[in-house]
Amino acid sequence: MKLENDGRVMADLLSDVVVGRDIVLKSSGEAVRAFLYVTDAVIGMFTILFLGDPSTAYNLANETEPIAIKDLALLLTSFRKDIDLRVVYDTQQQDNSKGYCAYRRIALDTSKLETLGWSPQISLKEGLSRTLFNLRSG
């Protein structure tokens, strides 16, 4: 994931937090997303590879902790105790193409993968903590 000018919500928010910029949301932040930590994704892929049925599609996702973008932004700012980061709303923008996609999210059904014994192990908060630690120290 490239942090600068990536255009995806997680990369953009992480970039702001890593460099110490206030997070500016170009919407109300009501859109809901779910995030899967990379090690959970890799373990899920190996689970499918070794235990899954051939020619079968599996959804790989963490549907246990969907979060609104505004809540994600607030959670991310809480990790920087060394500075005072804020979440700022810039909803005056006329060009809606610059904000994050506001489509209604549909949760993925991960039950087929879960029957193989897989489930996400890293919580959203722990995954964000690990990611920020690695980004700030690397």
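The structure under discussion appears in the preceding block.
Just so it is clear, the model here is predicted, and its values are computed rather than measured.

J.: Explanation requested: the pattern of salt bridges in the structure shown.
T.: Pairing is possible between side chains of opposite charge, provided their charged atoms come close. Enumeration according to the criterion identifies eight salt bridges in this entry. We note a salt bridge from Lys26 to Asp90, for which the minimum N-O separation is 3.2 Å. In this pair, Lys26 sits in the loop between strand S1 (23-25) and strand S2 (32-33) while Asp90 sits in the loop between strand S4 (87-89) and helix H4 (111-114), placing the two residues 64 residues apart along the sequence. Residue class for Asp90 comes out partly exposed when judged on its relative accessible area of 26%. The network of salt bridges with shared partners includes Arg80, Asp82 and Arg136.

J.: Would you mind going over the environment of Ala57 with me for this structure?
T.: Tracing the backbone through its elements, the reader meets Ala57 in the loop between helix H2 (38-51) and strand S3 (67-68). Looking at Ala57, the relative accessible area reads 58%, which means it is exposed. As a C-alpha pair, Ala57 and Lys112 span 55 residues in sequence and 8.8 Å in three-dimensional space.

J.: Where do I start with the packing of helix H1 (residues 9-19) against helix H3 (residues 69-78) in this structure?
T.: Two measures define how a pair of helices packs: the angle their axes make with one another and the distance between the axes. Put simply, H1 and H3 touch, their axes get as near as 10 Å, and they point 30 degrees apart. If you check the angle between H1 and H3, you find them roughly parallel. For the pair H1 and H3, the sense of crossing is right-handed. Residues Val9, Met10, Leu13, Leu14 and Val17 of H1 lie in contact with H3, whose contacting residues are Ile69, Leu72, Ala73, Leu76 and Thr77. Of the residues contributing to the contact of H1 with H3, the split by class is nine nonpolar, one polar and no charged.

Thresholds, definitions, all that
Residues numbered from 1 in each chain as written. Predicted model: local features only at pLDDT ≥ 70, side-chain atom pairs only at ≥ 80, totals over all residues. Heavy atoms only, no water. Salt bridge = Lys/Arg side-chain N within 4 Å of Asp/Glu carboxyl O. Helix = DSSP H or I, 4+ residues; strand = E, 2+ residues; numbered from the N terminus. Buried < 20%, exposed > 50% of the residue type's maximum accessible area, 1.4 Å probe, protein only. Axes fitted to C-alpha atoms, helices over the stretch in contact; angles between N-to-C directions. Parallel < 35°, antiparallel > 145°, perpendicular 65-115°, else oblique. Left-handed = near helix turned anticlockwise from the far one by under 90°. Contact = heavy atoms within 4.5 Å. Nonpolar A, V, L, I, M, F, W, Y, C, P; charged D, E, K, R; others polar.

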